[in-house]
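Residues per chain are reported as follows:
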Amino acid sequence: MNLLEVRNKSWMNFVSGEWLPSTEFIDVENPATGQVIASVAAASEVEVSRAVAAARACVATGALTRCRPAVRAEMMMRIASEIRDRVADGAYVGCLESGKPLKAARAEFEEAARYFEYYAGMADKIEGTAIPLGDAYLDYTIREPYGISVQVVPWNFAPSICARSLAPALAAGNAVIVKSPELTPLATIILFEAIERAGVPKGAVNLLCGLGKTTGAALVSHPDIDQIVFTGSVQTGVSIMKAASERSVPCVMELGGKSAGIVFADANLDQVVESVRSGTFYNAGQVCSALSRLVVHASIYDVVVEKVSAMARTLKVGDGLVGADMGPVVSEHQLRKIESVCDRAKTAGARLVTGGQRLQDKAGWFMQPTVFADVDPNMEIAQEEIFGPVLSIIKFNKDDEAFDIANGTRFGLVSGVFTQRLNTALKAPPRLNAGQVFVNEWFAGGIETPFGGNRMSGHGREKGQEAIDSYVRTKNVAISLAV
Ligand code: NAD
């Protein structure tokens, strides 16, 4: 694809196996230039109802559940293969709409294919148990799909997060309606072209584009849905949970984070620097599990501040299409938000070591890689998710103090420790209130490893075999054998 083709293409909603024309549209910008690159159809309440009706009809026919599960596995392998055939287009469009480096957009689209491959392998292994009750009974469990799984996706990794929820939901036999993010909907549409091409039962997989407050709100409040899987901000997640609780609709919530890495005195500092490079600055810091706080032992504090900021200064910031290390943030609104948090941090007494403002010489929404030192753990910059390329460095003296700081926010998504001592590494995870712990490498793990949050970072787990539990519910069958 090229820019002209992106501009001229009709970007539509996908319902019941058809691409729906629309009368309302949303403009999509390239954050590297601030220019509009496409218009995407916005689904109205009518289209939301149509999608729910199509998904319900699919559930009723049993098209996904009455077949042998291996048939779903084959379908998912076909989807993976069609996604792989579209990696070049998906990466180009993903890079254009999000500004992220082309290489990262490519890796993300390939990851979407991996989710379908991985969960294809699980489709025929979703087994129940037999429960011994003596001679008089036969008792067993069935792990059934919910029915209609509604999945709301954020803008930071739209195609891979879409696949992360969609693939296990399909493997388990659910019909799915995805709501794509308004800022970056295009790569997800390419993903759905792959799904269409692979051939899925009508209504099994549907895509709605549109604003959160209209399309998203209409979808999650629809009376005929069976489950909500939401990935996004705490604020939106809480409002969805409140509304869902009135109808007892179960939710999986993948929300924000404010993750800390504890750097013990014996840490390998090269590992620390490389972890900040990816953990803090990958995707311009717009990652829920970003390394946003570094909690460093006093004995190595000055050298860590120096090494980390020296690395940050070397990062090439620019348009993702032309080989930058770090692209822009997603929108002007996001850029302003990040700049104002940095301004308030300076006023509060944090020491700005590098960065702290937008790149003045570029048209798009570029933020400098930013490092603050001497941050107090209670400052706003150390408590609230920034979702930008900003690191807060905090000093500690005693180990207990480090764990208190790491655990001392309302979030609980990820924590990390840097140490060369096995004892320290093994004793740390039970003391950290987080869904996962990285040791000596930020973002270690993969699609095979369970992921999710504690506290305000959410509940339920995605990724790995465990994600299947988020997409099935158990039915117990107790049979009296009395004659
Ligand atoms: P957001 O909450 O603004 O939007 C997320 C999605 O919800 C979008 O598709 C949006 O259109 C939709 N939405 C907004 N209001 C809605 C409503 N009232 N009803 C239904 N849908 C609605 O979040 P965002 O800014 O797109 O994403 C950034 C946030 O996502 C960050 O907080 C980040 O930490 C979090 N996130 C979490 C994970 C995770 O796995 N834990 C992964 C990525 C992002």
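Residues numbered from 1 in each chain as written. Predicted model: local features only at pLDDT ≥ 70, side-chain atom pairs only at ≥ 80, totals over all residues. Heavy atoms only, no water.

Where an unreviewed UniProt entry is consulted, the chain appears under the name Aldehyde dehydrogenase (NAD+), with the organism given as Mesorhizobium shonense. The annotation that UniProt attaches to the chain under Sequence similarities (unreviewed entry) is "Belongs to the aldehyde dehydrogenase family." (UniProt positions renumbered as here; feature names shortened; annotations may be inferred.)

**Looking at the site of the ligand**
Taken together, 29 residues sit near the ligand, with Val153, Arg164, Glu182, Ser233 and Glu385 positioned nearest. At a separation of 3.3 Å, an oxygen atom of the ligand approaches a polar backbone atom of Gly212. The contact in question runs from an oxygen atom of the ligand to an N or O atom on the side chain of Thr236, over 2.8 Å. The fraction of the free accessible surface of the ligand (850 Å²) that becomes covered by protein chains is 88%. Counting only elements with at least two residues in the shell around the ligand, the list comes to helix H6 (158-171), helix H8 (212-220), strand E9 (227-231) and helix H9 (234-246). (Near = heavy atom within 4 Å. Polar contact = N/O pair within 3.5 Å; in protein donor to acceptor, adjacent residues only side chain to side chain. Areas by Shrake-Rupley, 256 points an atom, 1.4 Å probe, with all protein chains shown as cover. Helix = DSSP H or I, 4+ residues; strand = E, 2+ residues; numbered from the N terminus.)

**Overview of a nonpolar patch on the surface**
Together, Leu138, Tyr140, Ile142, Ile479 and Leu481 make up an exposed nonpolar region whose accessible area comes to about 380 Å². Sorting elements by how many residues they give to the nonpolar patch places strand E5 (residues 137-145) first, with three residues. Within the element layout of this structure, Leu138 appears in strand E5. (Patch = residues over 30% accessible without salt bridge, like charges linked within 9 Å, V, L, I, M, F, W, Y side chains within 5 Å. Salt bridge = Lys/Arg side-chain N within 4 Å of Asp/Glu carboxyl O.)

**Points about the side chain of Asn13**
With respect to the secondary-structure elements, Asn13 resides in strand E1 (residues 13-15). Here the side chain of Asn13 touches Cys209 through a polar contact of 2.6 Å, landing on its backbone nitrogen. If sequence neighbours within four positions are ignored, Asn13 has contacts with Glu18, Trp19, Leu20, Ala41, Ala42, Ala43, Glu47, Leu207, Leu208 and Cys209. (Contact = heavy atoms within 4.5 Å.)

**What about the UniProt feature "active site" (unreviewed entry) in the chain?**
Per the UniProt annotation, the sites labelled "active site" (unreviewed entry) are Glu254. Examined against the element boundaries, Glu254 turns out to sit in strand E10 (residues 251-254). Judged by its relative accessible area of 3%, Glu254 is buried. When near neighbours in sequence (up to four residues on either side) are disregarded, Glu254 contacts Arg164, Phe230, Thr231, Gly232, Phe451, Gly452, Gly453, Ser457, Gly460, Arg461 and Glu462. (Buried < 20%, exposed > 50% of the residue type's maximum accessible area, 1.4 Å probe, protein only.)

**Brief notes about the pattern of salt bridges**
Two side chains carrying opposite charge are able to pair once their charged atoms lie near each other. In the structure shown here, the tally under the stated rule is 21 salt bridges. Measuring nitrogen to oxygen at the nearest pair gives 2.7 Å for the salt bridge that ties Lys100 to Glu108. With respect to burial, Lys100 and Glu108 carry one shared label: buried. The residue Arg114 makes a salt bridge to Glu448 at a minimum N-O spacing of 3.4 Å. With Arg114 in helix H5 (residues 102-120) and Glu448 in the loop between strand E17 (436-439) and strand E18 (458-459), the pair connects residues that are 334 residues apart, well separated along the chain. What makes Glu448 partly exposed here is its relative accessible area of 43%. Through salt bridges with shared partners, a single network forms among Arg84, Arg114, Glu117 and Glu448.

**A word on the sheet that holds strand E13 (residues 351-354)**
Spatially, seven strands are ordered E13-E14-E15-E12-E11-E16-E17 in an open sheet, and the strand pairing comes out mixed. What marks the edges here is a single partner per strand, and that holds for E13 and E17. Neighbour-to-neighbour, the strand axes of this sheet turn through a mean angle of 25°, independent of strand direction. With three bridges joining them, strand E14 (residues 370-373) and strand E15 (residues 390-396) adopt parallel strand pairing. Residue pairing for E15: Phe372 is matched across the bridge by Ser392. Those strands touched by helix H10 (residues 269-281) are strand E11 (259-263), strand E12 (291-297), E14, E15 and strand E16 (414-418), and its axis lies near 160° from that of E12. Of the strands in this sheet, E12, E13, E14 and E15 touch helix H11 (residues 301-314), which is tilted by about 50° from E13. (Pairing = 2+ DSSP bridges. Axes fitted to C-alpha atoms, helices over the stretch in contact; angles between N-to-C directions.)

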